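Analysis of the macromolecular model
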Amino acid sequence: QVQLVESGGGMVQAGDSLRLSCAASGDTLSSYTMGWFRQAPGKERAFVAGMSWFDSRTTYGDSVKGRFAISRDNAKNVVYLQMNSLQPEDTADYYCAASRPRGALVQVTIQDYDYWGQGTQVTVSS
C-alpha cells in the first residue's frame, strides 16, 4: 500500500499561486491514478484534479479548469497541484488520494480512491 503526505498549503491573497505537494512512500505513484480533492467548511469533499495511471491524462473540476494543474515526478514519487489565480472560494483543506487501477479514465468520485493523505490547508483572502 501507499502512504501519502501533503504539504505546501498556506495563507495567500487572491491572485496568488501555490504549489501543493503529495509525497508517497510504500509504493510507486505511477501505479495509481492520483487525485486531488478539497473540502471547505460545511461542504462535502469535492474533486479538484486527477491524473490517470494508464496514460497520464488529466481531468479537472469545472471550478478550477484553466487555473490548476496536476503533475507528477515519478523519480521523486511526488504528485503536485499547481494552483494559480487563487480566489477566496478556493479556501479549503486539500487532500491527495490514490486509486488502484479501475480503468483507463481518471476517477472523480471519493469512493474510487483507496488511499488518502491527511490534508493541507489553503486559505485565500480577498
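Details of the structure are given in the entry above.
Predicted, not measured: the structure shown is a model, and the values here were computed from it.

Definitions and cut-offs
- Residues numbered from 1 in each chain as written.
- Predicted model: local features only at pLDDT ≥ 70, side-chain atom pairs only at ≥ 80, totals over all residues.
- Heavy atoms only, no water.
- Salt bridge = Lys/Arg side-chain N within 4 Å of Asp/Glu carboxyl O.
- Buried < 20%, exposed > 50% of the residue type's maximum accessible area, 1.4 Å probe, protein only.
- Helix = DSSP H or I, 4+ residues; strand = E, 2+ residues; numbered from the N terminus.
- Pairing = 2+ DSSP bridges.
- Phe/Tyr/Trp six-rings, centres within 6.5 Å; stacked < 30°, edge-to-face > 60°.
- Lys NZ or Arg CZ within 6 Å of the ring centre and 35° of its normal.
- Disulfide = S-S within 2.5 Å.
- Axes fitted to C-alpha atoms, helices over the stretch in contact; angles between N-to-C directions.

1. What to know about the pattern of salt bridges
If you walk through the whole model with that rule in mind, you get seven salt bridges. Asp-55 is the partner of Arg-57 in a salt bridge, and the nearest nitrogen-oxygen pair spans 3.1 Å. A relative accessible area of 62% places Arg-57 in the exposed class. Across the pair Asp-114 and Arg-102 runs a salt bridge, and its minimum N-O distance is 2.9 Å. Note that Asp-114 is positioned in the loop between β9 (92–99) and β10 (115–116) and Arg-102 in the loop between β9 and β10, a separation of twelve residues in sequence. According to the relative accessible area criterion, Arg-102 is partly exposed, its value standing at 41%. Salt bridges linked by common partners bring Arg-38, Arg-67 and Asp-90 together as one network.

2. Quick notes on the pairing of strand β4 (residues 33–39)
For β4, a buried count of six out of seven residues is recorded, marking the element as mostly surrounded by other parts of the structure. Of the strand pairs in this sheet, β4 and strand β5 (residues 46–51) are connected by five bridges, and their pairing is antiparallel. Its bridge partner being in β5, Arg-38 is matched across the sheet by Ala-46. What sits between β4 and β5 in their antiparallel hairpin is a turn of six residues, with Gly-42 showing a positive phi close to 75°.

3. With respect to the packing of aromatic side chains
Here the structure, examined in full by the defined rule, presents six aromatic pairs. Between Tyr-32 and Tyr-115, the aromatic rings sit 6.0 Å apart at their centres with planes inclined by 85°, giving edge-to-face as the arrangement. Separated by 83 residues along the polypeptide, Tyr-32 in the loop between β3 (18–25) and β4 and Tyr-115 in strand β10 bring together distant segments of the chain. Residue Tyr-115 is classed as partly exposed on the basis of its relative accessible area, which comes to 21%. An aromatic cluster is present here, built from Phe-37, Phe-47, Tyr-113 and Trp-116 joined pairwise through their rings. Above the ring of Tyr-80, the side-chain terminus of Arg-19 is found at 4.2 Å from the ring centroid. Stacked on the ring of Tyr-95, the Lys or Arg Arg-45 has its end atom at 3.7 Å from the ring centre.

4. Here's the deal with the state of the cysteines
Applying the stated criterion across every chain yields a total of one disulfide. Sulfur-sulfur distance for the disulfide between Cys-22 and Cys-96 comes to 2.1 Å. Since a negative S-S torsion denotes a left-handed disulfide, the Cys-22-Cys-96 link at about -80° is left-handed. Of this pair, Cys-22 sits in strand β3 while Cys-96 sits in strand β9, and the two are 74 residues apart along the sequence. With relative accessibility at 0%, the residue Cys-96 sits in the buried group.

5. So, the sheet that holds β3
In a beta sheet, neighbouring strands pair by backbone hydrogen bonds and run either parallel or antiparallel. Strand order in the open sheet formed by four strands is β1-β3-β8-β7, with antiparallel pairing between adjacent strands. Strands at the two margins of the open sheet, each flanked by one partner only, are β1 (3–7) and β7 (68–73). Each strand of the sheet is rotated relative to its neighbour by a mean of 20°, with strand direction disregarded.

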